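# Structure assessment
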Amino acid sequence: MRNFIRKLILGKNYKKDKPKSSPIRKRIQNIKSIWNNDHQDDNGIEKIVRLVLSSSQLLFPGIYIKQIAYKIGFEYQDIAMDVYVLCKVLFPVVILYNGWQNNTILIVCVVYVLLETVLYIPTLIFASDLFSRPNSYKRSMLLLFFNYIEVVCSFAVLYSIGNQMNKSFLHWVEPIYFSTITSNSVGYGDYYPITVFGKILVSIQSMFFLSFVVLFLNFFSTKVKSKGYFDLENEN
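Conventions adopted
Residues numbered from 1 in each chain as written. Predicted model: local features only at pLDDT ≥ 70, side-chain atom pairs only at ≥ 80, totals over all residues. Heavy atoms only, no water. UniProt positions renumbered as here; feature names shortened; annotations may be inferred. Helix = DSSP H or I, 4+ residues; strand = E, 2+ residues; numbered from the N terminus. Core = buried A, V, L, I, M, F, W, Y, C linked by side-chain atoms within 4.5 Å. Buried < 20%, exposed > 50% of the residue type's maximum accessible area, 1.4 Å probe, protein only. Expected span 1.5 Å × (residues − 1). Contact = heavy atoms within 4.5 Å. Axes fitted to C-alpha atoms, helices over the stretch in contact; angles between N-to-C directions. Parallel < 35°, antiparallel > 145°, perpendicular 65-115°, else oblique. Left-handed = near helix turned anticlockwise from the far one by under 90°. Nonpolar A, V, L, I, M, F, W, Y, C, P; charged D, E, K, R; others polar.

### Overview of the UniProt feature "transmembrane region" (unreviewed entry) in the chain
Following the UniProt record, one finds the feature "transmembrane region" (unreviewed entry) at residues 79-99, 105-128, 140-162 and 200-220. The span residues 79-99 is 95% helical and 0% strand by assignment, and the distance between its end C-alpha atoms comes to 30 Å. Taken end to end, residues 105-128 is 92% helix and 0% strand, and its first and last C-alpha atoms sit 32 Å apart.

Have a look at this one:
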């Protein structure tokens, strides 16, 4: 039974050798690699953006959760991140369901983890010089889909604060509905922002998802049949 559960949850990861570098050490090495132009001869605003993106991951919980899992057993890194991503999806839904939008601490936490996700996508594409390909690109695409749901639900929480819309949301699902149609640039007209803050939120979400879709398709469509994500990769 134990072997069945390990194979179901961990796959073949538990049979692999432990990587020499921990997640935090890899991130620091990646920042140094960008700084020293080891893999890409960039400069100016491109190099600054890449440095900011790579460094930003040290400000959020994700990498530290991977670090803890690495210390316990590196084979648990993937499952730890799976649980973390699912928790990030459920967090804003729980806030909406319980009507906790007026809790300042919870809203700050929502914005904090939302910012991690918003920065993660361009970091993965533009600033991951040293990172080897993941075990499965399908898993990565699935997690990015959950990231999409997380962002939709997190913006829904922000829309439900105060009176941002032309009329009040009557059910906790309605802000999620509005956020979903906003992310897809549909806009049925039943709800629309009337405050400056609401209009700014809609603009930010629309621009993010436009860039998300373009970058996602451009990046992953060229990697589906390749061995890995990156041209320069270190196999551990």
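### Section: the environment of lysine 32
Within the element layout of this structure, lysine 32 appears in helix H2 (residues 23-35). Note: C-alpha distance between lysine 32 and leucine 51 (19 residues apart in sequence) is 8.9 Å.

### So, the nonpolar core
What tends to happen in soluble globular proteins is that the nonpolar side chains get buried as a cluster. By size, the foremost hydrophobic cluster in this structure holds 27 residues, and its most contacted members are Val151, Phe155, Tyr159, Ile176, Phe178 and Phe209. At the level of secondary structure, the elements contributing two or more residues to this core comprise helix H5 (77-98), helix H6 (104-126), helix H7 (137-159), helix H8 (173-183) and helix H9 (196-220). Listed in part, the 5 residues of the second largest apolar core include Ile31, Leu51, Leu53 and Ala127.

### Comments concerning helix H3 (residues 44-56)
Between its terminal C-alpha atoms H3 stretches 18 Å, which fits the 18 Å expected from 13 residues at 1.5 Å a residue. Those residues of H3 not exposed but buried are Lys47, Arg50, Leu51, Leu53, Ser54 and Ser56. Buried-residue contacts for H3 involve H2 and H6.

### Quick notes on the packing of H3 against H6
Between H3 and H6, the shortest axis-to-axis distance is 9 Å and the interhelical angle comes to 120°. Taken together, the axes of H3 and H6 lie oblique to each other. The way H3 lies across H6 gives a crossing that is left-handed. From H3, Arg50, Leu53, Ser54 and Ser56 reach across to H6, where they touch Leu119, Pro122, Thr123 and Phe126. Here the contact of H3 with H6 is composed, by residue class, of 4 nonpolar, 3 polar and 1 charged.

### Re the side chain of asparagine 147
Inspection of the secondary structure puts asparagine 147 in helix H7. We classify asparagine 147 as buried; its relative accessible area is 7%. Aside from chain neighbours lying at most four places away, what touches asparagine 147 is Val85, Thr117, Tyr120 and Ile121.

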